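Descriptive structure summary
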Amino acid sequence: MKLDVIKLDGGKAGNIELDADLFGLEPRADILHRVVRWQRNNAQAGTHKVKTRSETSYSTKKIYRQKGTGGARHGDRNAPIFRGGGIYKGPVVRSHGHDLPKKFRKLGLRHALSAKAKAGELVVIENAEAEGKTAALAKQVANLGWKRALVIDGATVNEGFLKASKNIEGLDILPSMGANVYDILKRDTLVLTKAAVEALEARLK
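Cut-offs applied
- Residues numbered from 1 in each chain as written.
- Predicted model: local features only at pLDDT ≥ 70, side-chain atom pairs only at ≥ 80, totals over all residues.
- Heavy atoms only, no water.
- UniProt positions renumbered as here; feature names shortened; annotations may be inferred.
- Pairing = 2+ DSSP bridges.
- Helix = DSSP H or I, 4+ residues; strand = E, 2+ residues; numbered from the N terminus.
- Axes fitted to C-alpha atoms, helices over the stretch in contact; angles between N-to-C directions.
- Contact = heavy atoms within 4.5 Å.
- Buried < 20%, exposed > 50% of the residue type's maximum accessible area, 1.4 Å probe, protein only.
- 1 Å grid on protein atoms, 1.4 Å probe; cavity = no way out; pocket = protein on both sides within 12 Å on 5 of 7 lines; lining within 4 Å.
- Points joined across faces, edges and corners; volume = space filled by probe spheres on them.
- Nonpolar A, V, L, I, M, F, W, Y, C, P; charged D, E, K, R; others polar.
- Phe/Tyr/Trp six-rings, centres within 6.5 Å; stacked < 30°, edge-to-face > 60°.
- Lys NZ or Arg CZ within 6 Å of the ring centre and 35° of its normal.
- Salt bridge = Lys/Arg side-chain N within 4 Å of Asp/Glu carboxyl O.
- Left-handed = near helix turned anticlockwise from the far one by under 90°.

As annotated in an unreviewed UniProt entry, the chain carries the name Large ribosomal subunit protein uL4 and comes from Ruegeria conchae. The record held by UniProt for the chain lists under Sequence similarities (unreviewed entry) the comment "Belongs to the universal ribosomal protein uL4 family."

See the structure below:
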C-alpha cells in the first residue's frame with residue numbers, strides 16, 4: 001500500500017510503499033486486547049499490602065476466660081472479627097505480570113499499525129528534526145492538526161525535536177524500539193518517520 005510522505009511544514013515529500021504484512025492486516029480486537037492487558041499488568045506496581053493477624057500490634061493475650069462470661073469464645077484482639085484486627089485473605093505484595101509469547105507480541109504490534117492505517121490515522125513524515133524551539137514546533141503541529149499524536153522515529157530521536165516537543169501537550173516521542181501497542185492505540189494519530197518505517201519493517205519481519 002502507498003502513502004504520501006509529508007514534511008513538518010506540511011509540504012509533500014513523495015510517497016512510500018508500506019508492507020502489507022505490517023500495515024494491511026485486518027485488525028483483531030482480541031489480539032490487541034491481550035497485548036494491552038499484558039503491558040498494563042506488567043506495569044502494575046503490585047505493592048498493595050494489608051496486615052494479617054500475625055502483624056497487627058495488639059497483645060496476644062486471651063481477652064477473657066473461655067467459659068462463664070455468656071459471650072462468644074475469643075482468643076486475642078488480633079482476630080479479623082475485631083476492629084483494628086488483622087485482615088483475612090487481603091492483598092499481598094506480588095507481581096501482576098504474566099507471560100506472552102514474543103511472536104504474539106510482534107503480531108499485536110502489526111495489528112496495531114494496521115488498525116491505525118485502516119482508520120486513516122497513520123501519517124508518514126520525511127524526518128522528525130527541529131532546532132529545539134517549542135513555539136516553532138507547536139505551530140507546525142497545530143497546522144498539521146495533530147491534537148493527540150505519537151511520533152515514532154528511527155533508532156534514535158533527534159535531540160532538537162525531543163527538546164522542542166517536551167512542553168507540547170498531547171505529543172509523545174519514541175524511538176522505533178520503544179514502539180508498543182498500548183501507546184499506539186492510546187493516541188489519535190500515529191506519526192512515523194521514514195526511518196521508523198524501515199526500522200519497524202526490519203524488526204517485525
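1. Observations concerning the sheet that holds strand β1 (residues 2-6)
An order of β2-β1-β3-β6-β4-β5 is seen for the six strands of this open sheet, with the pairing classed as mixed. Two strands close off the open sheet at either side, each with one partner strand: β2 (12-17) and β5 (171-174). Adjacent strand axes in the sheet meet at a mean angle of 30°, parallel and antiparallel pairs treated alike. Bridge analysis of β1 against β2 gives four bridges, and the strand direction is antiparallel. When the bridges of β2 are listed, I6 appears paired with K12. Seen against the sheet, helix α7 (residues 194-204) touches β1, β2, β3 (122-125), β4 (149-152) and β6 (189-193) and runs at an angle of roughly 90° to β6.

2. Here's the deal with unusual backbone geometry
Phi is positive for K89, close to 55°, though the residue is something other than glycine. Mapping K89 onto the fold places it in the loop between α2 (29-43) and α3 (102-118). Judged by its relative accessible area of 72%, K89 falls in the exposed class.

3. Section: the layout of surface pockets
What the largest pocket holds in volume is close to 250 Å³. In terms of lining, the largest pocket is formed by V35, W38, Q39, K102, R105, K106, L109, A179, N180, V181, R203 and L204. Every element with two or more residues in the lining of the largest pocket is listed here: α2, α3 and α7. Among the elements that make up the lining of the largest pocket, the one with the highest residue count is α3 (four residues). Class assignment of the residues belonging to the lining of the second largest pocket gives a composition of four nonpolar, three polar and six charged.

4. Observations regarding the packing of aromatic side chains
Each aromatic ring pair is characterised by the separation of its centres together with the angle its planes make. All chains considered together, the criterion is met by zero aromatic pairs. Between R40 and the ring centre of Y182, over which it is positioned, the NZ or CZ distance is 4.3 Å. Taking NZ or CZ as reference, R77 lies 4.6 Å from the ring centre of F82, over its face.

5. Considerations on the pattern of salt bridges
By the definition in use, this model includes nine salt bridges. In this structure, the salt-bridge partner of E55 is K49, at a minimum N-O distance of 3.0 Å. Linking R148 and D188 is a salt bridge whose minimum nitrogen-to-oxygen distance equals 3.2 Å. You can see R148 sitting in the loop between α4 (134-144) and β4 and its partner D188 sitting in the loop between α6 (181-186) and β6, a full 40 residues away along the chain. We classify R148 as partly exposed; its relative accessible area is 32%.

6. Here we look at the packing of α3 against α7
Look at α3 against α7: their axes get within 10 Å of each other, and the N-to-C directions meet at 145°. The crossing of α3 and α7 is left-handed. Of the residues in α7, those touching α3 at K106, L109, R110 and L113 are L200, R203 and L204. Of the residues assigned to the contact of α3 with α7, the class counts are four nonpolar, no polar and three charged.

7. Quick word on the side chain of H111
When you line up the elements, H111 lands in helix α3. In this structure H111 comes out as buried when scored by relative accessible area, which is 6%. Contacts of H111, omitting those with residues within four sequence positions, involve L25, E26, P27, R28, I31 and L32.

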